[in-house]
Amino acid sequence: MSTGITEATRARFAREVAKYPADQKQSAVMACLAIVQQELGWVSQESEQVIADYLGMPQIAVHEVTTFYNMYNQQPVGKYKLNVCTNLPCQLRDGQKALHHLERKLGVKMGETTPDGLFTLQQSECLGACADSPVMLVNDRTMCSFMSNDKLDQLVDGLKAAEGAK
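Since this is a predicted model, take the numbers as computed values, not measurements.

A. Spatial organisation of the overall build of the protein chain. Of the regular secondary structure elements, the protein chain holds seven helices and four strands. Scanning the protein chain from its N terminus toward the C terminus, one meets helices and strands in the order α-α-α-α-β-α-α-β-β-β-α. If you line up the protein chain on its principal axes, its C-alpha atoms span 50 × 35 × 25 Å. Counting all 166 residues of the protein chain, 40% fall into the buried class. In the protein chain, the share of contacts with a sequence separation of at least 24, taken over all contacts with a separation of at least 6, comes to 59%.

B. Molecular detail of helix 3 (residues 45–55). Within helix 3 the residues assigned to the buried category are S47, E48, V50, I51, A52 and L55. Next to the buried residues of helix 3 lie helix 1 (7–17), helix 2 (29–40) and helix 4 (59–68). One or two residues past the end of helix 3 sits G56, with phi positive at roughly 70 degrees.

C. Layout of the packing of aromatic side chains. Going through the model one piece at a time under the given rule, you end up with four aromatic pairs. For the ring pair F68 and Y69, a centre distance of 4.8 Å and an interplane angle of 85 degrees mean the geometry is edge-to-face. In this structure Y69 comes out as partly exposed when scored by relative accessible area, which is 32%. Note on Y80 and F119: the rings are 5.7 Å apart at their centroids and 35 degrees apart in plane angle, and the pair reads as tilted. Taken together, the residues span a long stretch of sequence, with Y80 in strand 1 (residues 80–85) and F119 in strand 2 (residues 119–124) at a distance of 39 residues. Exposure class is identical for Y80 and F119. Each is buried.

About the criteria used
- Residues numbered from 1 in each chain as written.
- Predicted model: local features only at pLDDT ≥ 70, side-chain atom pairs only at ≥ 80, totals over all residues.
- Heavy atoms only, no water.
- Helix = DSSP H or I, 4+ residues; strand = E, 2+ residues; numbered from the N terminus.
- Buried < 20%, exposed > 50% of the residue type's maximum accessible area, 1.4 Å probe, protein only.
- Contact = heavy atoms within 4.5 Å.
- Phe/Tyr/Trp six-rings, centres within 6.5 Å; stacked < 30°, edge-to-face > 60°.

The structure is reproduced here in C-alpha cells:
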C-alpha cells in the first residue's frame, strides 16, 4: 500500500529532526505529523507507521499523539474543516446551537463531510476563546469569534461562493 510519503516528505522530516539532539529525535513527532497532514490532508495509520519507523518509536506512541490533538485528521476531510467549540463555557454561550445550525445548513451531522467534499464539521474542546463564544476554527488556522447564525451563514456562503458552488 502506498502511504504517499515521498522522498521530499522524508527530507522535510529530516529538517525537523535536525532541530533536536540526536537522542531526542522523537521530539519531532508533532512536526512530522503536521507535514504529513499538510501534504496528504490527513494522517493514516500507514503514515503513522512511517513516522514511527523514521523516528525510532512504536507506532502506538505516534498514534497516541495523533488522537490526542484535534488538529490531526484521522480520516480524509473536506477542503474546509469547521471546528466548533462545544466545551461547557462555550455551550453556555450558544456553542452547541452554532454546531446544530451548521449541521442544518450543511446537511451533515457533526463528524461528517458534505457530499461535495467542501466541508467537514467537527466539534472541538477548548479553543481558548470562551469570552468570544460561539467560536470556531477553520482549517486549524483561522479563529472566528461571536459566530451568530447570520455570521455562520455568511462564512459558509462566502466559502461556497469562492469555490463556485451553489
